[in-house]
Amino acid sequence: MWLLPIALMATATALAIPLSRYAAWIMEGEYRPPRILAWFERRIDSGSQTWKQYAAALLIFNAVLFVYGFAVLALQPVMPLNPQHKGMLAPTTIFNSVASFMTNTNLQHYAGEVHLSNFSQIFFVILNQYLSAGVGFCALTAIIRAFRGQKLVGNFFADMWRVVMYMFVPAALISGVLFIQQGMPMTYQSAYQVSTLEPAAMGTTDSGQAKPQTIVVGPVGAVIPIKMLGTNGGGFYGMNSAHPLENPSAWSNFITTLDMMLFPFTLVLMYGRMLKRRRHSWVIFCVMALLMAGTIVWAIYFDTLKPNPGLTAHPASKTFTIPSARSPGGKQEFTLPAVARLPVDQHLGNLEGKELRFGTSAGATFAAVTVDVTCGAVNCEHDSLNPIAALSPMAGMWVNCIFGGKGVGMINLLLFLIVGVFLAGQMVGRTPEYLGKKVGAREMKLAMIALLVHPIMILGPTGLFAATTWGTMATNNPGAHGFSQMLYQFSSSSANNGSAFDGLAVTTGFNDNPNPPPAGRQWDIATGLVMLFSRYLPIVAPLAMAASLGYKKPTPFGLGTLRDDTTTFGCLLFGTIVVVGALLFLPVAALGPLAEHLGPIPFGG
Amino acid sequence: MSRYISTSLWLLLFSVVILCGIYPAVLWVVGQTIFPFQANGSILTGPDGKPVGSLLIAQPFTKDEYFHPRPSAASYDASASASSTLAASNYLLRDRVARALGPIVTYRSGARAGQLVAPDIEAWFRLDHFAGQPHIVAQWADAHNELAGAWVNADPSHAQYVDTWAKSHPSVVAHWIKDNPGTPQPKAADLAVAFFEAFSKENPGSFPAAVTRQTSDGKTVTTIQAVKEGGDIQSIFFDMWRQDHPTADLREVPADMVMTSGSGLDPHITLQNALYQLDRVATKWAADTQRDPVKIRQEIHALLEENAQAPFGGLVGEEMVNVLSVNLQLRKRYGNPS
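Bear in mind the structure is a predicted one, so any value in this text is a computation, not a measurement.

1. Here we look at the interface of chain A and chain B
Step number 1: Across the boundary between the two partners, chain A contributes 106 residues, which contact 100 residues of chain B.
Step number 2: Here the side of chain A that touches chain B takes 10 residues from helix α7 (residues 156-182) of chain A, the largest share from any one element.
Step number 3: When the residues that make up the side of chain A that touches chain B are grouped by side-chain class, the tally is 65 nonpolar, 29 polar and 12 charged.
Step number 4: Inspection of the sheet shows strand β5 (residues 344-345) of chain A paired to strand β7 (residues 253-254) of chain B by 2 bridges, in the parallel sense. Within β7 of chain B, the residue paired with Val344 of chain A across the bridge is Val253 of chain B.

2. Notes on the domain arrangement of chain B
Step number 1: Domain annotation of chain B identifies domain 1 (45-84 + 260-334) and domain 2 (91-244).
Step number 2: Relative placement of domain 1 of chain B and domain 2 of chain B: their C-alpha centres are 33 Å apart.

3. Considerations on unusual backbone geometry
Step number 1: Residues Ile601 of chain A and Pro602 of chain A are joined by a peptide bond in cis, for which omega reads -5°.
Step number 2: When you line up the elements, Pro602 of chain A lands in the segment after α18 (567-598).
Step number 3: Non-glycine residue Asn496 of chain A carries a positive phi angle of around 50°.
Step number 4: Mapping Asn496 of chain A onto the fold places it in the loop between α16 (480-494) and α17 (520-550).
Step number 5: Exposure remark for Asn496 of chain A: the 33 C-beta atoms within 10 Å place this residue in the buried category.
Step number 6: You will see that His135 of chain B, though not glycine, has its phi angle at about 70°, which is positive.

4. Some words on helix α11 (residues 362-372) of chain A
Residue and element names in this part refer to chain A.
Step number 1: Of all 11 residues making up α11, 11 are buried, and the element is well covered by its neighbours.
Step number 2: Inspection of α11 places Ala362, Gly363, Ala364, Thr365, Phe366, Ala367, Ala368, Val369, Thr370, Val371 and Asp372 among the buried residues, and these make up the whole buried set.
Step number 3: Immediately beyond the C-terminal end of α11, within one or two residues, lies Thr374, with a positive phi of roughly 45°.

5. Side note on the packing of helix α12 (residues 391-399) of chain A against α16 of chain A
All names here are of chain A.
Step number 1: Here α12 crosses α16 at 40°, and the two axes come no closer than 9 Å. If you check the angle between α12 and α16, you find them oblique. Judged by the twist between their axes, the crossing of α12 over α16 is left-handed. Together, Met394, Met397 and Trp398 of α12 and Tyr488, Ser491 and Ser492 of α16 make up the contact between the two elements.
Step number 2: Split into classes, the residues belonging to the contact of α12 with α16 amount to 4 nonpolar, 2 polar and no charged.

6. Considerations on the nonpolar core
Proteins that are soluble and globular tend to have nonpolar side chains buried together.
Step number 1: Residues Ile126, Ala139, Ile143, Phe168, Val268 and Leu543 of chain A are the most contacted members of the largest nonpolar core, which totals 227 residues.
Step number 2: Take this core: its biggest share by element is 19 residues, from helix α6 (residues 118-147) of chain A.
Step number 3: Not counting residues up to four positions away in its chain, the partners in contact with Phe168 of chain A are Tyr130, Ala133, Val163, Ile226, Leu229 and Gly230 of chain A.
Step number 4: Tyr91, Tyr161, Phe207 and Phe238 of chain B belong to the second-largest nonpolar core, a separate cluster that totals 57 residues.

7. Observations regarding helix α13 (residues 408-428) of chain A
Each α-helix winds once per 3.6 residues, and so residues spaced three or four apart point in a common direction.
Step number 1: Between its first and last C-alpha atoms α13 of chain A spans 31 Å; for 21 residues at 1.5 Å apiece the expected length is 30 Å, and the two agree.
Step number 2: Once α13 of chain A ends, the next one or two residues include Gly429 of chain A, with phi positive near 75°.

Conventions and cut-offs
Residues numbered from 1 in each chain as written. Chains lettered and ligands numbered in written order. Predicted model: local features only at pLDDT ≥ 70, side-chain atom pairs only at ≥ 80, totals over all residues. Contact = placed C-beta atoms within 7 Å. Helix = DSSP H or I, 4+ residues; strand = E, 2+ residues; numbered from the N terminus. Nonpolar A, V, L, I, M, F, W, Y, C, P; charged D, E, K, R; others polar. Pairing = 2+ DSSP bridges. Domains from an automatic or database assignment. Buried ≥ 20, exposed ≤ 12 C-beta atoms within 10 Å, placed from the backbone. Axes fitted to C-alpha atoms, helices over the stretch in contact; angles between N-to-C directions. Parallel < 35°, antiparallel > 145°, perpendicular 65-115°, else oblique. Left-handed = near helix turned anticlockwise from the far one by under 90°. Core = buried A, V, L, I, M, F, W, Y, C linked by C-beta atoms within 7 Å. Expected span 1.5 Å × (residues − 1).

Below, the structure is given as structure tokens:
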């Protein structure tokens, strides 16, 4: 039960320590590449850049990537490796997918095995998964250099090359071999037809022939390593890491989960190494680890240790009085009858939407970890999590800095940190300082801009869709859970996470789909825009903040200086994250998962 | 600016070559040379030497001779994985589980321990009283409008039956239109609740279900008729029966037998689930092969124990068996099921 999450946290921490040393070594440029790789590097290294040039290079490269991605997906019907002749996706879905993969979100408004050819899986999915993960990594590196007071923060293109080639590729190759050994397909074929053991169990065709089972295969073993290592989360198959060919065994599940934790853990320690403040980074690391443990424990306690409440007994009948304009006296009474339990042995917890081969608590553990590190892969159906358990993944996305995605999670944490330092400064009446530099109005403004994008991008569109038929037509579960579905979709988009409550009808699929979902296009465009805004503003604004702070004169260390490597500082940071996060999102949590948990179960139908 | 664009293009070009060309090719070579079985989808061959399925992908089994996999929200379609996406709070989840339970649940204790509950559900249904009120079907449709509508849409013959009913009950339809002025021309599904209310009063203790019979000239005809027993009643009304009999001591069914997996393709069931199915499987094979049921049961039990595996040797999960693998071994050992 608890062994799996403990083993994962311990292994990831143990691996992150040597890996952070390696990452710092690479990013400081202290290595000597082999001659052939050095040639590539010289070709793209255009010299060290100021933070503004760095940001411009980052944005231009992403714009190029956007055009490339759009072209690859739009041209899918005429590209090779497409024996099933898969057509073109709807234009809005292409926009959504390109934005999604470019921003490291990997929210999928399509199902991989249904809608993408192997060509698209390789040339769109794999490429974006490497490069979008690299972008966040580079942004953090630039911020660190700016914090150090460097006017020139390195070269974006050279940084990208180093991250991708010297860190992601070797790690992905190792993971890939392990995954294939465990049972992941790795072939350029597309599908096999097999005749089932019990003939005609799949049904019969109109001519009376037994239908075969079609098993989709492909270069799964190449997509999944970088999907996890890059905390991308965009699966080869529609059901992602729950699919037996995308996650064949308990071991593959362990490595999969470990892979997505690896670099987020590493980056926190790399931050300390490159700033020469390792104790400080360990304080941050511990705060994050504590928050992660909290989300995991919450999910396991309410999902694995509790049965699915839809099948259990609710022995007492309850009567509610609610205000109603229509009934006499302005009040209406509702009585919910008692519910008897169904004879189902649920000692393994809520099994709806869970796979058996990963281990009992694997679904809940994965659900918590995947949102903390903004991976967004899923190995169970989040829509079917117990209502209160689903609060854990949502909270992870709302806070969005529990290790967080490649670099971006650490950047988000820096925003909370600046706010925390500011609050502490206010309390004692001193000018707040961070890294020995005074935090001024400009830094606070930039931090607040970056910090507030996230809640605005979640709460605004959720409100809009919940109030209109765009949202209500798309939900497949009644009541509070329907609201949760919309809330989750925008939380996932804004956190650049990519997991989803899959019941939401957002999959338009191919352009010639005769029965598109009623609001598929609106969802495509809205979530696509949210992903773009919530990606680039929180990268550029913190970079500006770091530059502004880093170029200030250091103030001497004194008695009144707030030390950033103590438990007190850890508590301050922890408190800031929890309080700010709760202030922003408690109201919607009450309308969604909390209302569902406290309200009538079962409901509707 | 233009320099950054050209450098971006160079980086993109190098990335495409290395990440989309060389990287998957290396893994492909490793997969195809060292792990060809896994790299090609873990395909098993059947008794006739042809591919019969993937070790990792569930496939449907309906015969009593075989162990049945977990229910699938994807209908076992390995080219379109899917989960149910039903929230725990959604009544449709409880309804789906209850329908699966009705025909298979047995008593755990008392005089009828081991016997099916289903005949009692039918007897209770014929008395046509739920929670002390008459007309079970009308109460069901009132409480679950969505399910009543779903029944109408489930099959064209159902909708046809309701249409025929609507023609012979113009006053009920007129009344419905008066209550729902927004829908002047209701479809069959719109009228579902009104239909079941009227049906329940006209046919107490009955439910409309498909009945297949032979005509005098030897053809089989399927029509919808009011029936007082059968699978529909056992499954649809099990949940209501349970509400009326909350204290009946029933044998617990393993959860993975009635709850769908995340992918709809989970190839395993728990050992507990397999043992629950063991009696049915063993009895049927014994009848097919004309051998001693006790002996067969022992053999199959041993086979299950042999095939049982737990994640990490039981450190993180419970024992389970691969359904296709076990059924393939049964097929090889006992021949073709009748």
